[in-house]
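# Coordinate inspection notes
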Amino acid sequence: MSAPEAQLTVALVGNPNTGKSTLFNALTGLRQRVGNYPGVTVARKSGLCDCGDGTKVELVDLPGLYSLSAASPDEQVVIDALGGHLAGDRRPDAVVVVVDATNLLRNLFLASQLSELDLPVVLVLNQADVAAEQGLRIDGELLSRRLGGVPVVLTSAWKGEGIAAVRRALAEALRRRVRMPAVDWPALVAEALADIAAAVQADTGRAPTRADVERLLFDSTTSVGQRLGWAAPGRDAAVRAARDKVRRAGYNPLAAEPLIHYERLRRLLDGVVQGGGDRSAGSAAVDRVLLHRVLGPVVFAAIMLGMFASVFWLAKFPMQALAAGADWLKAVIAPSLDAMPMLQSLVTDGLIGGVGAFLSFLPQILILFLFVSILEDSGYMARAAFIMDRLFSWCGLNGKSFVPMLSGFACAIPGLLSTRTIEDPKARLATAFAVPFMSCSARFPIYALMCAAFIGPLYGPGWESVVMVGMHCVGLLFAVPTAFVLTRLVLKVKPQPFVLELPRYQMPKPRDVLWRMWQNAAEFVSKAGTVIFAITIVVWALSYFPRDVSVAERIKAANPAAAEEVVKAKVQAAYVEQSYMGRFGKAVQPLFDPCGFDWKITVGVLASFPAREVIVSTLGVTYSVGEGAKADSAHLQQAMRDAKWSEGPRAGTPIFSLAAVLALMVFFALCSQCGPTVATLAQETGGWKWAAISFVYMTALAWIVAAVVYQVVIRLA
Amino acid sequence: MTPLSQLLPGQYGKLLSLDPERAVDQRLMALGLLPGMALKLVRKAPLGDPIAVEFAGQVVSLRLTEAQNILIDVAADCPIQRPRPQA
């Protein structure tokens, strides 16, 4: 994870929306590695950056942030990374601070705080071209002089201008090790800081850094005390006394830091920035349309519809091509393994099936992230959240929950990956928890089969549509209260204020968009992909073994006159029945009896845990119509209509009564039957805890609701 | 003296005070919203909440519940005025 000892590490820091990632991509030339910081779901992006003279440094792109007072895990990571407090990461040797040249005052607040870290700094004034268009004239040399000689570079990362100058400045900063001058605190504040430093030294025996002392004095919720091992009673008294001093200086202790920094920055920028008219005129004009009371939601709906249609429909073509490719590969390989049926099944159903299982998600992931990247980079995502926030805020989510939940109706996997756009960790987790409830396209085949076989013939096509729409709402109906309970009662995380910058509109840079699509896809394949592959192999083995040849011989002997196809289907059904999966299904059938499921449905339900769409082909096998069965297969529909309970109190009555049909559909609407979703949930929540909770919760909920539906409907019908 | 949450779209003025104890206000101070700073309520979201506030050369979205402790002195020359709500 960390660079070799000899190599220098440089951190890239800045406010969100400063073009920091574009600069990072330009400096590293996409030679990047993406990992995770240990214990948190914050991505660690790093890459090699050439300093122009052949020396290479490891450049680490830290999450964007506005202030060093940690409010979120992302911000805490930046503070810990800059202080060298992260396991496996060295303290950086220098910091490149990226600021938006069009709004220096606001952006330099973070830089001013960073001056207390005692690290060599390069200050990059990015988007200098936009600043010039706005009529702003910036004197970089004067700013550099006032900052004690720290290199100041004007760039336009979007246009690729000034990148070489940044490399040179970085080499210079590492050589000369120039720091920004520390803040000149008012006397009483300086005294308060010194008091805290002395108290820490006295209580723990270690001298704290200037930055640590400032966090202890100015932040009401800092974790620095824990890290230093500075315990509560002594700490609280010392901090209280120091804050009283700040009060005597005329400052509210919790407001002192921004007040003093901004005062400093006003003096610092006096004469550095000149000119400039209405800076936000262009974006304001666009907002008058895009955030208009009536037009805004219309445009929003159109964009989201376009996005959803693309993920839902457009992805089908590459997915079909992938499926066709897998079939072709199976057909090519299978004959050469005819002599070894076990190996043949392992390769065609296990290996190819397993790889296909996660590859088939790539088209949807790539298409969704094409949209998400464009929406974010253009500045529209913040507007979308602004428009939708009211609908989500009451249940603890926020406006940014919309895109993940919408894409969940196509597929939960890209939806889960897109929860990364939500900054608030509580809302992010709750959204990730809600996404798998959305009725994804893999649930469609079972609804279609049940509607075509039972609802349509019995009640007419009108009811078929009603049931279809109803099933798509069931998940939402349970997801919203779940999110409410989760955010209000379960998660003890401090709620984050929903303060969201509506940044200037910008043209997304194709390279950044493509790179982000690729990174998300690659991370999914390397992390969740391996888990998905493993699950597929395990389930294959469970439904293949044990495979006693005598089963096939017995069936063949019992049906001497039957056609080869019919015998083959019967053999397949018999094999599944006596496989571990089949035996297990029969054994646990009593558990599913309250939902009205017989052993065949139970086996189908169990076999569908890795991927719920498998239910149709599994029913095809257990009902002896062959594994190629589709939802519109008349054979399968007839076989299911004919199925009757063979024993027990319901003997002779149809298995697929209205009650059982509805219960089965509701079960599939709510159950966590998707290995890839569980694996992705683990990837995105930083461990198996929430993935396990989601799995157990959804599965238990599905069972309860299906049982209630069955028991109520069977009594009414 | 009007809470930011009660400003009308287009109304502008100066920040009188906020509550440094609250996380929202701490975030806003980091963004440069300090007493005396000029600000303007640009618009409300189509559903009335959140609101978009412009200050220090940026536009920031805020929920109404988060804006109620932020007190504004509406500028006397602001063309959009309304009678103070009866207590």
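All values derive from a computational prediction rather than experimental measurement. (Residues numbered from 1 in each chain as written. Chains lettered and ligands numbered in written order. Predicted model: local features only at pLDDT ≥ 70, side-chain atom pairs only at ≥ 80, totals over all residues. Heavy atoms only, no water.)

### What to know about the packing of helix 21 (residues 444-459) of chain A against helix 29 (residues 614-622) of chain A
Residues and elements named next belong to chain A.
- Two numbers describe how helix 21 lies on helix 29: the axes approach to 7 Å, and their chain directions differ by 50°. Our classification of the angle between helix 21 and helix 29 gives oblique. Within the contact between the two elements, helix 21 uses Pro 445, Ile 446 and Leu 449 and helix 29 uses Ile 615, Val 616 and Leu 619.
- Of the residues assigned to the contact of helix 21 with helix 29, the class counts are six nonpolar, no polar and no charged. (Axes fitted to C-alpha atoms, helices over the stretch in contact; angles between N-to-C directions. Helix = DSSP H or I, 4+ residues; strand = E, 2+ residues; numbered from the N terminus. Parallel < 35°, antiparallel > 145°, perpendicular 65-115°, else oblique. Contact = heavy atoms within 4.5 Å. Nonpolar A, V, L, I, M, F, W, Y, C, P; charged D, E, K, R; others polar.)

### Details of the pattern of salt bridges
Residue and element names in this part refer to chain A.
- Scanning all chains against the criterion turns up 30 salt bridges over all chains.
- Of the charged contacts in the structure, one is a salt bridge between Asp 89 and Arg 44, with a shortest N-O distance of 3.0 Å. Here Arg 44 lies in strand 3 (residues 43-50) and Asp 89 lies in the loop between helix 2 (73-83) and strand 5 (94-100), a separation of 45 residues in the sequence.
- For Asp 89, a relative accessible area of 13% gives the class buried.
- With a relative accessible area of 5%, Arg 44 lands in the buried category.
- For Arg 227, the salt bridge identified is with Asp 212, shortest N-O distance 2.6 Å. Linking Arg 227 in helix 9 (residues 224-228) with Asp 212 in helix 8 (residues 210-218), this pair joins segments that are 15 residues apart in sequence.
- Within the structure, one salt-bridge network assembled from shared partners comprises Arg 33, Arg 44, Glu 58 and Asp 89. (Salt bridge = Lys/Arg side-chain N within 4 Å of Asp/Glu carboxyl O. Buried < 20%, exposed > 50% of the residue type's maximum accessible area, 1.4 Å probe, protein only.)

### Some words on the environment of Glu75(A)
- By secondary structure assignment, the location of Glu75(A) is in helix 2.
- The class of Glu75(A) is buried, set by a relative accessible area of 5%.
- Considered as a pair, Glu75(A) and Val490(A) are 415 residues apart in the sequence and their alpha carbons are 23 Å apart.
- For Glu75(A), the residues in contact, after removing those within four places along its chain, are Leu65(A), Tyr66(A), Ser69(A), Ala70(A) and Arg27(B).

### A look at the domain arrangement of chain A
Residues and elements named next belong to chain A.
- Domains assigned within chain A are domain 1 (9-176), domain 2 (187-275), domain 3 (316-360) and domain 4 (373-717).
- Distance from the C-alpha centre of domain 3 to the C-alpha centre of domain 4: 23 Å.
- Each partner contributes residues to the interface: domain 3 has twelve residues there, and domain 4 has ten residues.
- Across the domain 3/domain 4 interface, buried area totals approximately 960 Å², and carbon plus sulfur atoms make up 81% of it. (Domains from an automatic or database assignment. Buried area = accessible area lost by both parts, 1.4 Å probe.)

### Some remarks on helix 22 (residues 461-490) of chain A
Residues and elements named next belong to chain A.
- Taking 1.5 Å per residue, 30 residues should reach 44 Å; helix 22 reaches 43 Å between its end C-alpha atoms and fits that length.
- Those residues of helix 22 that fall on the buried side of the exposure criterion are Val 467, Met 468, Met 471, Val 474, Gly 475, Ala 479, Thr 482, Ala 483, Leu 486 and Thr 487.
- At its buried positions, helix 22 is contacted by helix 20 (425-434), helix 21, helix 31 (658-670) and helix 33 (688-716). (Expected span 1.5 Å × (residues − 1).)

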